[in-house]
Amino acid sequence: MVPPDPVPVLVLDRDGQPVAVDGRAEVSAPPDRVELHGRTLEVLGWTGPWPAVERWWDPGTARRRARFQVAVEGGRALLLTVEGGRWYVEGAYD
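Let me sum up the structure you'll find in this document. All values reported here derive from a predicted model rather than from experimental measurement. (Residues numbered from 1 in each chain as written. Predicted model: local features only at pLDDT ≥ 70, side-chain atom pairs only at ≥ 80, totals over all residues. Heavy atoms only, no water.)

### Some details on the overall build of the chain
And step 1. Within the chain one finds zero helices and six strands.
And step 2. Going from the N terminus to the C terminus, the chain shows its helices and strands as β-β-β-β-β-β.
And step 3. Rg of the C-alpha trace for the chain: 13 Å, near the compact-globule value of 12 Å for 94 residues, within the 12% margin.
And step 4. Overall size of the chain, expressed as C-alpha extent along the three principal axes, is 40 × 30 × 20 Å.
And step 5. Taking all 94 residues of the chain together, the buried fraction comes to 33%.
And step 6. A sequence separation of at least 24 residues applies to 32% of the contacts in the chain between residues at least 6 apart. (Helix = DSSP H or I, 4+ residues; strand = E, 2+ residues; numbered from the N terminus. Rg over C-alpha atoms; globule rule 2.2 N^0.38 Å. Buried < 20%, exposed > 50% of the residue type's maximum accessible area, 1.4 Å probe, protein only. Contact = heavy atoms within 4.5 Å.)

### Quick word on the pairing of strand E1 (residues 7-12)
And step 1. Alignment of E1 against strand E6 (residues 86-93), held across three bridges, turns out to be antiparallel. Each bridged residue has a counterpart across the sheet, and for Val-7 the counterpart in E6 is Val-89.
And step 2. Both E1 and strand E2 (residues 33-36) contribute to a ladder of three bridges, which runs antiparallel. Bridging across to E2, Leu-10 finds its partner in Glu-35. (Pairing = 2+ DSSP bridges.)

### A short note on the layout of surface pockets
And step 1. Approximately 280 Å³ is the volume found for the largest pocket.
And step 2. For the lining of the largest pocket, the secondary structure elements donating two or more residues are E1, strand E3 (39-54), strand E4 (63-72) and strand E5 (76-83).
And step 3. Looking at the lining of the largest pocket residue by residue, the class counts come to 14 nonpolar, three polar and five charged.
And step 4. By volume, the second largest pocket amounts to about 210 Å³.
And step 5. Lining the second largest pocket are Met-1, Val-7, Leu-36, His-37, Arg-39, Leu-41, Glu-73, Gly-74, Arg-76, Leu-78, Val-89 and Ala-92.
And step 6. When contributions to the lining of the second largest pocket are tallied by element, the ones reaching two or more residues are E3, E5 and E6.
And step 7. Tallied by class, the residues present in the lining of the second largest pocket amount to seven nonpolar, two polar and three charged. (1 Å grid on protein atoms, 1.4 Å probe; cavity = no way out; pocket = protein on both sides within 12 Å on 5 of 7 lines; lining within 4 Å. Points joined across faces, edges and corners; volume = space filled by probe spheres on them. Nonpolar A, V, L, I, M, F, W, Y, C, P; charged D, E, K, R; others polar.)

### So, the pattern of salt bridges
Side chains that differ in charge, positive against negative, can pair when their charged atoms come close.
And step 1. According to the stated counting rule, one finds seven salt bridges in the structure shown.
And step 2. Residues Glu-90 and Arg-67 are paired through a salt bridge, measuring 3.6 Å at the closest nitrogen-oxygen approach. Taken together, the residues Glu-90 in strand E6 and Arg-67 in strand E4 connect sequence positions 23 residues apart.
And step 3. By relative accessible area, Arg-67 is classed as partly exposed at 24%.
And step 4. The closest approach of N and O atoms between Arg-76 and Asp-94, which form a salt bridge, is 3.1 Å. With Arg-76 in strand E5 and Asp-94 in the segment after E6, the pair connects residues that are 18 residues apart, well separated along the chain.
And step 5. Connected through salt bridges with shared partners, the residues Glu-54, Arg-65, Arg-67 and Glu-90 form a single ionic network. (Salt bridge = Lys/Arg side-chain N within 4 Å of Asp/Glu carboxyl O.)

Note that all results are geometric; they support no functional claim without further evidence.
Dropping the structure here:
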């Protein structure tokens, strides 16, 4: 499933702190859970980040983001992006 618009989520580490990705694509801590629509989903496995720098030549439209894939409880996988410190679901797979 690909939502018509990215869905905001929280991605938290083991201590309940937000997971961050720096400019060198270093992850602050492994993702432990995802909070989506008031539900908390345990992360069973993850891969990424895959950094993307789009339109780097035009400062007015340039974007920096990173993508992750996480496997969560219930047999689902989520394609996540983080941009400007905010996380979104861009796709979900069974």
